[in-house]
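Here is how the chains run, residue by residue.
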Amino acid sequence: STRTSSLRGGDTARPLANMLWRLARYLNISTISFLSGSWFFPRQLLPYSTAFAFGTRTTMSPARPTSAETTWPDYLQRNGDCGTVQLAKLFPPLTSTSHKGSHGRIAVLGGNEKYTGAPYYAANAALHCGVDLATVFCASEASVPIKCYSPELMVQAIYSIDVLDGIHSEEQNLLDELRQYEQTNANLLTNELHEEDVLQTMEMLEHSDEKQHILAQQELNTDDRIDTITYKLEKMKKIGEELDQVRSRRDALIMDAVKSVTEMFPALHAICIGPGMGRHPVVFCVVEKVILSAMESKLAITLDADALYMMSLPEYRQLLEKLMQYGRCVLTPNVMELRRLAAVLDNTDKNTASIVIKKGASDVITKGPFEIQCAQEGGLKRSGGIGDVLAGTTTAFMAWNSILYDNDSAEGQERLFAAWTACCAVKTATKLAFGKRRRALSALDVIGNLPEVLDNMERDVNKTGS
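Residues numbered from 1 in each chain as written. Predicted model: local features only at pLDDT ≥ 70, side-chain atom pairs only at ≥ 80, totals over all residues. Heavy atoms only, no water.

Undergrad: Just checking my understanding: could you explain the overall build of the protein chain for this structure?
TA: If you tally the helices and strands in the protein chain, you get 15 helices and ten strands. Buried residues in the protein chain amount to 50% of all 466 residues. At a minimum sequence separation of 6, the contacts of the protein chain that also span at least 24 residues come to 73%. When the accessible surface of the protein chain is totalled, it reaches about 22900 Å², and 51% of it is carbon and sulfur. (Helix = DSSP H or I, 4+ residues; strand = E, 2+ residues; numbered from the N terminus. Buried < 20%, exposed > 50% of the residue type's maximum accessible area, 1.4 Å probe, protein only. Contact = heavy atoms within 4.5 Å. Areas by Shrake-Rupley, 256 points an atom, 1.4 Å probe, with all protein chains shown as cover.)

Undergrad: Is there a simple way to think about the packing of aromatic side chains in this case?
TA: Throughout the structure, instances matching the rule amount to nine aromatic pairs. Taken together through their ring pairs, the aromatic side chains of W72, F417 and W420 make up a single cluster. Over the face of the ring belonging to Y309 we find R279, whose NZ or CZ atom lies 3.7 Å from the ring centre. (Phe/Tyr/Trp six-rings, centres within 6.5 Å; stacked < 30°, edge-to-face > 60°. Lys NZ or Arg CZ within 6 Å of the ring centre and 35° of its normal.)

Undergrad: Honestly, unusual backbone geometry in this entry has me stumped. Any pointers?
TA: Most peptide bonds are trans, and most residues other than glycine sit at a negative phi. Phi at A305 takes a positive value of approximately 55 degrees, unusual for a residue other than glycine. Its relative accessible area of 19% is what places A305 among the buried residues. For R438, which is not glycine, the phi torsion reads 55 degrees and is therefore positive. Mapping R438 onto the fold places it in the loop between α14 (413-437) and α15 (443-465).

Undergrad: In this structure, what is going on with the pairing of strand β3 (residues 133-139)? I would like to understand it.
TA: Taken residue by residue, a regular strand's side chains alternate between the two faces of the sheet. In terms of burial, β3 is a largely internal element, six of the seven residues being buried. Alignment of strand β2 (residues 105-109) against β3, held across five bridges, turns out to be parallel. Paired with A107 across the two strands is T135, which belongs to β3. Note on the crossover from β2 through helix α4 (residues 117-129) to β3: the handedness is right-handed. Pairing between β3 and strand β4 (residues 154-159): five bridges, direction parallel. Note that in β4 the partner of V136 across the bridge is V155. At this point the chain moves from β3, through helix α5 (residues 140-149), to the parallel β4, and the crossover so formed is right-handed. (Pairing = 2+ DSSP bridges. Right-handed = clockwise from strand over helix to strand, strands pointing away.)

Undergrad: Where do I start with the packing of α4 against helix α13 (residues 386-404) in this structure?
TA: Contact pair α4 / α13: the axes reach a minimum separation of 7 Å and the direction vectors enclose 45 degrees. Taken as axis vectors, α4 and α13 run oblique relative to one another. As for the relative orientation of α4 and α13, their crossing is right-handed in sense. The segment α4 lies against α13, with A118, Y121, A122, A125, A126 and C129 engaging D388, V389, G392, T393, A396 and W400. (Axes fitted to C-alpha atoms, helices over the stretch in contact; angles between N-to-C directions. Parallel < 35°, antiparallel > 145°, perpendicular 65-115°, else oblique. Left-handed = near helix turned anticlockwise from the far one by under 90°.)

Undergrad: What's the story with the pattern of salt bridges in this structure? I'm lost.
TA: Pairing between side chains of opposite charge can happen when the charged atoms of each approach one another. Throughout the structure, instances matching the rule amount to twelve salt bridges. Ionic pairing is found between E170 and R249, a salt bridge with its closest N-O pair at 3.3 Å. Linking E170 in helix α6 (residues 161-190) with R249 in helix α8 (residues 210-262), this pair joins segments that are 79 residues apart in sequence. Residue E170 is classed as partly exposed on the basis of its relative accessible area, which comes to 32%. Here D455 ties to R459 by a salt bridge, and the two come within 2.8 Å at their closest N and O atoms. A residue pair is termed a helical-turn pair when its members lie 3 or 4 positions apart in one helix, as D455 and R459 do in helix α15 at four residues. Residue class for D455 comes out partly exposed when judged on its relative accessible area of 34%. (Salt bridge = Lys/Arg side-chain N within 4 Å of Asp/Glu carboxyl O.)

Undergrad: Would you mind showing me how to read the nonpolar core here?
TA: As a rule of thumb, soluble globular proteins bury nonpolar side chains together. W72, L153, I365, V389, F397, W420 and L454 are the most contacted members of the largest nonpolar core, which totals 65 residues. If one sorts the elements of this core by residue count, α14 sits on top with 13 residues. Discounting chain neighbours no more than four positions away, the residues touching F397 are L90, F91, A418, T421, A422 and L454. (Core = buried A, V, L, I, M, F, W, Y, C linked by side-chain atoms within 4.5 Å.)

Undergrad: Could you clarify how one ought to interpret the side chain of T135 in this entry?
TA: Tracing the backbone through its elements, the reader meets T135 in strand β3. Residue T135 is classed as buried on the basis of its relative accessible area, which comes to 4%. Residues contacting T135, with those up to four places away along its chain left out, are I106, A107, V108, M154 and M264.

Undergrad: Can you walk me through the pairing of strand β8 (residues 355-358) in this structure?
TA: Alternating residues of β8 divide into I355 and I357 and V356 and K358, and every residue in both groups is buried. With two bridges joining them, strand β7 (residues 329-331) and β8 adopt parallel strand pairing. If you follow L331 over to β8, its bridge partner there is V356. Pairing geometry for β8 and strand β9 (residues 363-367), over four bridges, is antiparallel. Within the sheet, the bridge partner assigned to V356 lies in β9 and is T366. Taking the residues that link successive antiparallel strands as the turn, the β8-β9 hairpin has four residues.

Given below as structure tokens:
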């Protein structure tokens, strides 16, 4: 439905544009067709739901969602001073009264014994964008390497993969043993002669001494079977008690890890979950509780990599559905991750409040029915870790959004613009890095160019606003 926010710039509005806007509101139309690409409606004449056309040459009908493709320079050129309000809410101002943390405090949850680079790339990218403080929550096996990568990162180990492996293996072994006893007991209870076979045998032996022997033997067999079943039931009870103890230890480890993360939520502006996280089932339990707590705390969340794989599992479908309706959540799937999510949840990009960045040659950023493509040119080399750089950059912009907007009055549309800007920044940094490094380009090269890119973007914003 069309948003009913007040019309901006009404005093200087063109009569025709003003008339069309009023007509759209009256007809409850959420998009306006651009009948000609040679001119555009000033942004203040459009509701937020239609602002993402950015004046590009597109054709939109009332029944279809808004879609546009543009670059950062194109946006500045085509919108002029019309985008000043939105641009001003991208970067928190640098002032003499700023203190440590004024420009963003973020955290990254991820990293295990195999993947130590991914969380480092994400957190370091956020720092190079300009956030003040970055914390990495990771497995103890990854904490020392990540600390050695950068003295600027605060690194906290919240669980040990070795310990989690041991307790998970112990739980599975007990479950397997319990299933075996259940199956043998079921076989013992059903392993009896058919009633007709028993009667026929008794009739044949009616007048023989063998009858008494068989009856006695059957009684002994029955007693043995009862003793066996009783023993196995007692064994099953003991296994069940051991299983409860193991699960209690596991739950305690999970809650300790969750507490280590969530107790920092009041000091954070955003959290990125997934880079280098791995796919340990107990870690998934930790992440589920962290996500639910983050949503309760209204904390901005960026989900990437293994967290997206976790969301594609059937047992976490309800959690994914909740996230898709959480306006402060950004998902950054690549092609394969998006395919997995689509297989679990139908229409993941429609009627949702969360933002989805579909990574590709042109990143496609969607929020419900609204869509904008980042047509910014990037480099020709796709090195490992660039997705983590985008996750960290997006987290930085979401942190700034949380700082600049203390409520949901804009209903999250600025977050969509901020996510698009993050994509533009990474694409531009990748292009600059590729121009210098060519085939040798790495994620660190991209991170190294982020300060220059973000500084130029902020200068563009200041020029536009002046």
